[in-house]
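# Fold and contact review
Here is what each chain is made of, one letter per residue.
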Amino acid sequence: AQKVTQAQTEISVVEKEDVTLDCVYETRDTTYYLFWYKQPPSGELVFLIRRNSFDEQNEISGRYSWNFQKSTSSFNFTITASQVVDSAVYFCALSPNFGNEKLTFGTGTRLTIIP
Amino acid sequence: KAGVTQTPRYLIKTRGQQVTLSCSPISGHRSVSWYQQTPGQGLQFLFEYFSETQRNKGNFPGRFSGRQFSNSRSEMNVSTLELGDSALYLCASSPDRLNTEAFFGQGTRLTVV
């Protein structure tokens, strides 16, 4: 069985602060994929990143960065210099081999950026 | 390029009724997945369709069913609605089953009264 835990239910930070969203996962698969999605108030899930289990390199994309540590089964997401537009619910997700089918989502972290 | 279109956006049904939700994937996308989002259970996988065949199914009762047409459009049906079926139903499409990125629609908000 696969499981994704996002222990932080809600986080509020003041604009321009850095914030890290935690994600811990459980799986028995040796090959798997990890994702982060953003859900703004409009409802649709916006894909942010995918990482496969063989690639532990950290990734940076603009103000976003991701830290994947297989040893601790964690895939944390950091937003640097947060902006009000970053306010949303963020979901970490896990999928078995072959990509994005049958995603197992965490419960999400509601991030509020205070102007 | 149009995104994933889900219709209707909002729906109110009475307990015991049935409902059909529609999802039109991005043009050229052949894989469609459905998810249920509730405050209590979060986002849960319902089923995945590819080439008109159900490839994966989540842990939902048989009241939940779906299908995919030759043009890749998909419908899901819930029969004998229960109050607990009230949720946001999200559809995601991707070009194929090996694609890394799924594009989600804005969902259908179903309320069962």
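All of the points below concern the structure found in this document. (Residues numbered from 1 in each chain as written. Chains lettered and ligands numbered in written order. Predicted model: local features only at pLDDT ≥ 70, side-chain atom pairs only at ≥ 80, totals over all residues. Heavy atoms only, no water.)

Turning our eyes to something else, we now look at the nonpolar core. Residue and element names in this part refer to chain A. If you look at the biggest cluster of nonpolar residues, it comprises 24 residues, and the most contacted ones within it are Trp-36, Trp-66, Phe-75, Phe-77 and Tyr-90. Those elements that provide at least two residues to this core are β2 (10-14), β3 (19-21), β5 (33-39), β6 (46-52), β8 (64-69), β9 (74-79), β10 (88-95) and β12 (109-114). Here the element with the most residues in this core is β10; it accounts for 4 residues. Setting aside chain neighbours within four positions, we find Tyr-90 in contact with Gln-6, Leu-21, Trp-36, Tyr-37, Lys-38, Leu-48, Tyr-64, Phe-77, Ile-79, Gly-108, Thr-109 and Leu-111. (Core = buried A, V, L, I, M, F, W, Y, C linked by side-chain atoms within 4.5 Å. Buried < 20%, exposed > 50% of the residue type's maximum accessible area, 1.4 Å probe, protein only. Helix = DSSP H or I, 4+ residues; strand = E, 2+ residues; numbered from the N terminus. Contact = heavy atoms within 4.5 Å.)

What follows is about unusual backbone geometry. Residues Thr-7 of chain B and Pro-8 of chain B are joined by a peptide bond in cis, for which omega reads -10 degrees. Looking at where Pro-8 of chain B falls in the secondary structure, it is placed in the loop between β1 (5-7) and β2 (10-13). One non-glycine residue, Lys-16 of chain A, lies in positive phi territory at about 85 degrees. Along the chain, Lys-16 of chain A falls in the loop between β2 and β3. Phi is positive for Ala-81 of chain A, close to 50 degrees, though the residue is something other than glycine. The partly exposed category is assigned to Ala-81 of chain A, whose relative accessible area is 33%.

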